[in-house]
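Okay, here's what each chain looks like letter by letter:
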Amino acid sequence: MATPSLSLSSSPVSLLPTLSSLPHKPKTLNLKPLSLSYKRRHLTSLHLHCAPSISTSLLVTHQDLNERDWSFVEPPSEHPRQQLRQVINSASLPSFSRVLVALPTPRFIDELLDPVHGAEPQHVVAYHESLLMLSNVKESRDEVRCFQGDVTTVPAKFAPFDAIFVCYFPGMGVSVGELLRSHASLCSSGSRVVIFVEQGRGTIKIHRQQFPDMVTSDLPDLKTVEKAAATNGFKIIEFVDEPTFYVAVLGLL
């Protein structure tokens with residue numbers, strides 16, 4: 001039987017039957033990839049419509065989705081934004097650019113789309129494993145296309161991109177070589193991949209201790225980035241590795 005297509009709604013109304021009343025409740029729900037088109041700051045449930053072969057609506061909580069809390073990657077609100085502006089400027093975005101953002105935070109998306117700073121991207125696509133993080137992005141900037149999952153989730157129709165920002169590499173579960181290899185096919189000629197952590201390597205060490213199941217690697221050093229770049233057709237344009245700021249800017253050859 002073909003898998004029913006899924007769409008999301010932010011309606012708070014509970015419909016029957018719920019998951020608990022279904023005759024054969026599945027142990028897990030495989031809902032990837034999901035395209036998000038709703039706004040909800042404090043997401044406690046998702047209203048899923050199954051079509052066309054199934055007419056039942058399901059009320060699914062974030063526990064059913066095995067949702068993990070990624071809010072720790074957001075720096076305090078009083079943290080200065082100059083470093084974010086430095087990161088965005090390092091991509092040298094052209095006018096009417098197309099941008100992909102991996103593991104975004106609302107803070108970064110707001111800064112990226114702030115027209116005060118110059119050329120605003122024409123299209124922004126973002127992906128994350130967390131529906132909560134993506135819902136916060138959608139609440140702040142509804143024009144951003146959001147997808148749950150990893151780089152394989154992004155539809156090819158949105159490529160090529162003029163820049164790819166990787167907001168939290170240690171949470172991606174891949175090496176920097178795998179990251180560049182998987183993203184290279186999404187890049188336009190001369191585009192840039194910007195890997196950064198606003199709070200730097202010192203914060204990553206703390207995160208690895210506190211969230212070892214989510215933060216699975218350290219930030220790559222210069223030698224590792226150089227090797228991965230050369231192997232995958234990139235060159236290093238800029239590299240900063242400080243306790244309070246990290247950015248690696250790579251250009252596609």
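Residues numbered from 1 in each chain as written. Predicted model: local features only at pLDDT ≥ 70, side-chain atom pairs only at ≥ 80, totals over all residues. Heavy atoms only, no water.

Taking an unreviewed UniProt entry as the reference, the protein is identified by name as DNA-directed RNA polymerase subunit beta belonging to Rhynchospora pubera.

A closer look at unusual backbone geometry
Between Ala159 and the following residue, Pro160, the backbone shows a cis peptide bond with an omega angle of 5°. Tracing the sequence through the fold places Pro160 in the loop between β7 (145–148) and β8 (161–166). We note that Ser92 has phi near 50°; this positive angle belongs to a residue other than glycine. A positive phi angle, close to 55°, is found at Phe96, a residue other than glycine. Along the polypeptide, Phe96 turns up in the loop between α1 (82–89) and β5 (98–102). (Helix = DSSP H or I, 4+ residues; strand = E, 2+ residues; numbered from the N terminus.)

Some remarks on the confidence of the model for the protein
Low-confidence regions, as indicated by low pLDDT, have predicted coordinates that should not be scrutinised in detail. Predicted confidence across the protein gives a mean pLDDT of 80, with 74% of residues reaching 70 or more. Confidence scores differ between elements of the protein, with strand β1 (residues 5–9) showing the lowest mean pLDDT of 37 and helix α6 (residues 222–231) the highest of 98. Below pLDDT 50 for its whole length, residues 1–33 participates in 52 contacts with residues either more than four positions away or in separate chains. A low-confidence stretch, residues 37–62 stays under pLDDT 50, and its non-local contacts, those more than four residues away or across chains, total 76 contacts. (pLDDT = per-residue confidence, 0-100. Contact = heavy atoms within 4.5 Å.)

Topic: the pattern of salt bridges
Counted according to the given criterion, the structure contains ten salt bridges. A salt bridge links Arg81 to Glu111; the nearest nitrogen and oxygen atoms lie 3.4 Å apart. Linking Arg81 in the loop between β4 (57–61) and α1 with Glu111 in helix α2 (residues 106–112), this pair joins segments that are 30 residues apart in sequence. On the basis of relative accessibility, which here comes to 35%, the residue Arg81 falls in the partly exposed class. Classification of Glu111 by relative accessible area gives buried; the value is 6%. Taken together, the shared-partner salt bridges in this structure form one network comprising Arg68, Glu129 and Asp213. (Salt bridge = Lys/Arg side-chain N within 4 Å of Asp/Glu carboxyl O. Buried < 20%, exposed > 50% of the residue type's maximum accessible area, 1.4 Å probe, protein only.)

Observations concerning the pairing of strand β9 (residues 187–197)
Most of β9 is tucked away, with eight of its eleven residues classed as buried. As paired strands, β8 and β9 are joined by five bridges and run parallel to one another. When the bridges of β9 are listed, Phe161 appears paired with Cys187. Each parallel crossover has a hand, and for β8 linked through helix α4 (residues 176–184) to β9 it is right-handed. (Pairing = 2+ DSSP bridges. Right-handed = clockwise from strand over helix to strand, strands pointing away.)

Considerations on the packing of aromatic side chains
Counted under the stated rule, the structure contains eight aromatic pairs. Centroid distance Phe72 to Phe211: 4.0 Å. Interplanar angle 10°. Geometry classified as stacked. Linking Phe72 in the loop between β4 and α1 with Phe211 in the loop between α5 (201–210) and α6, this pair joins segments that are 139 residues apart in sequence. For Phe72, a relative accessible area of 14% puts it in the buried group. Here Phe211 falls in the partly exposed class, since its relative accessible area comes to 24%. Taking 5.7 Å as the distance between ring centres and 55° as the angle between the ring planes, the aromatic pair formed by Phe147 and Phe158 counts as tilted. Taken together, the residues span a long stretch of sequence, with Phe147 in strand β7 and Phe158 in the loop between β7 and β8 at a distance of eleven residues. A relative accessible area of 9% means that Phe158 is categorised as buried. Taken together through their ring pairs, the aromatic side chains of Trp70, Phe72, Tyr168 and Phe211 make up a single cluster. (Phe/Tyr/Trp six-rings, centres within 6.5 Å; stacked < 30°, edge-to-face > 60°.)

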